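# Fold and geometry: a report
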Amino acid sequence: MSSWDDDETAASAAEAATTDVELLKRAWRNEKAAPEVLRFDSPLVSRVREQIQLLEETLDDFADSGVDDLVVSLYQMDLDRTLFLLRSYLRLRLQKIEKYTMHISRSDDLLSRLSPQERRFAKSCAEIMEKHLEQSVLSKLPYGYDSVTRQSLSSTEDDMVPEPQLDTFVFCKTKSDVGAFQLDDIGEEVVDLVADDLYVLRYKSIKGLVEGGRIDLI
């Protein structure tokens, strides 16, 4: 077996040993550091919600059976921590969707990253924003300047639609050896990405590695 296969096997084993709360924390960190909205991890969120429900039921049983207060407080702390992570993860995503709603609603790829509830939220935000701008501003502007997405008829692209800055530099940590990695389109910038090392790189260059789970943002 090659060293690459060994790295992949070790990474898979480590992933399997990681708890769902730790996976949620990782997803939260990635979402917080990434300039764009990332793919919604539906299976993970479903499992975490089931764990929250189980913890709540366990605490109810403790209350009825008179379990030691210290034990109850430890379970309550675990529940509070998990609830905070889940709510913060979902809130971060909604904030990005609200900020870039016009941009997201025009991209099938970005829409596919959202949960069904988030897609409904994005559609609602876009409709409300367009209606508000039309009624408060655009209807009062002369012809040619009344577009939601373009400054004027002479604009060749949607220059009024905010987009995430993918060239932003981010802190990241490799989960396994990636090897020589090309950071630009012409091959002039190459970096050797070593397992468990820290880097400061343009998000646009490594977004594929983030999406593939080979690099974590911090």
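Under an unreviewed UniProt entry, the name given to the chain is DNA replication complex GINS protein SLD5, and the organism recorded is Digitaria exilis. Among the UniProt annotations of the chain, the heading Subcellular location (unreviewed entry) holds the following wording: "Nucleus". Taken directly from UniProt, the Sequence similarities (unreviewed entry) text for the chain runs: "Belongs to the GINS4/SLD5 family."

## A word on the sheet that holds strand E4 (residues 198-202)
Ordered by their spatial adjacency, 3 strands build an open sheet running E4-E1-E5, and the pairing between neighbours is antiparallel. Each end of this open sheet is capped by a strand with a single partner; those strands are E4 and strand E5 (215-217). Each strand of the sheet is rotated relative to its neighbour by a mean of 45 degrees, with strand direction disregarded. Along the sheet, helix H2 (residues 20-33) contacts strand E1 (169-174) and E5; its crossing angle with E5, the most-contacted strand, is approximately 65 degrees.

## Re H2
Its 14 residues place the ends of H2 20 Å apart at the C-alpha level, agreeing with the 20 Å of an ideal helix rising 1.5 Å per residue. Every buried residue of H2 is listed here: Asp 20, Val 21, Leu 23, Leu 24, Arg 26, Ala 27, Trp 28, Asn 30 and Glu 31.

## Quick word on the packing of H2 against helix H3 (residues 42-65)
Relative orientation of the contacting elements H2 and H3 amounts to 130 degrees, with a least axis distance of 10 Å. Classified by the interaxial angle, the pair formed by H2 and H3 is oblique. Helix-helix and strand crossings are classified by hand; for H2 and H3 the assignment is left-handed. Residues Asp 20, Val 21, Leu 23, Leu 24 and Ala 27 of H2 lie in contact with H3, whose contacting residues are Leu 44, Arg 47, Val 48 and Gln 51. Across the contact of H2 with H3, the residue classes break down as 6 nonpolar, 1 polar and 2 charged.

## Section: a nonpolar patch on the surface
Taken together, Leu 70, Val 71, Leu 74, Tyr 75 and Met 77 make up a surface patch of nonpolar side chains, about 480 Å² in accessible area. By the secondary structure assignment, Leu 74 is in helix H4 (residues 69-99).

## Some details on the pattern of salt bridges
By the definition in use, this model includes 10 salt bridges. Residues Asp 216 and Arg 26 are paired through a salt bridge, measuring 3.3 Å at the closest nitrogen-oxygen approach. Of the two residues, Asp 216 sits in strand E5 while Arg 26 sits in helix H2, which places them 190 residues apart along the sequence. You'll find Asp 216 and Arg 26 in the same group, each marked buried. What you see here is one network of salt bridges that share partners, running through Glu 36, Asp 109, Arg 113, Lys 207 and Glu 211.

## Quick look at the side chain of Thr 174
For Thr 174, the position within the fold is in strand E1. In this structure Thr 174 comes out as buried when scored by relative accessible area, which is 1%. Within the structure, the side chain of Thr 174 is placed 2.2 Å from the backbone oxygen of Val 194, a separation counted as a polar contact.

About the cut-offs
Residues numbered from 1 in each chain as written. Predicted model: local features only at pLDDT ≥ 70, side-chain atom pairs only at ≥ 80, totals over all residues. Heavy atoms only, no water. UniProt positions renumbered as here; feature names shortened; annotations may be inferred. Pairing = 2+ DSSP bridges. Helix = DSSP H or I, 4+ residues; strand = E, 2+ residues; numbered from the N terminus. Axes fitted to C-alpha atoms, helices over the stretch in contact; angles between N-to-C directions. Contact = heavy atoms within 4.5 Å. Expected span 1.5 Å × (residues − 1). Buried < 20%, exposed > 50% of the residue type's maximum accessible area, 1.4 Å probe, protein only. Parallel < 35°, antiparallel > 145°, perpendicular 65-115°, else oblique. Left-handed = near helix turned anticlockwise from the far one by under 90°. Nonpolar A, V, L, I, M, F, W, Y, C, P; charged D, E, K, R; others polar. Patch = residues over 30% accessible without salt bridge, like charges linked within 9 Å, V, L, I, M, F, W, Y side chains within 5 Å. Areas by Shrake-Rupley, 256 points an atom, 1.4 Å probe, with all protein chains shown as cover. Salt bridge = Lys/Arg side-chain N within 4 Å of Asp/Glu carboxyl O. Polar contact = N/O pair within 3.5 Å; in protein donor to acceptor, adjacent residues only side chain to side chain.

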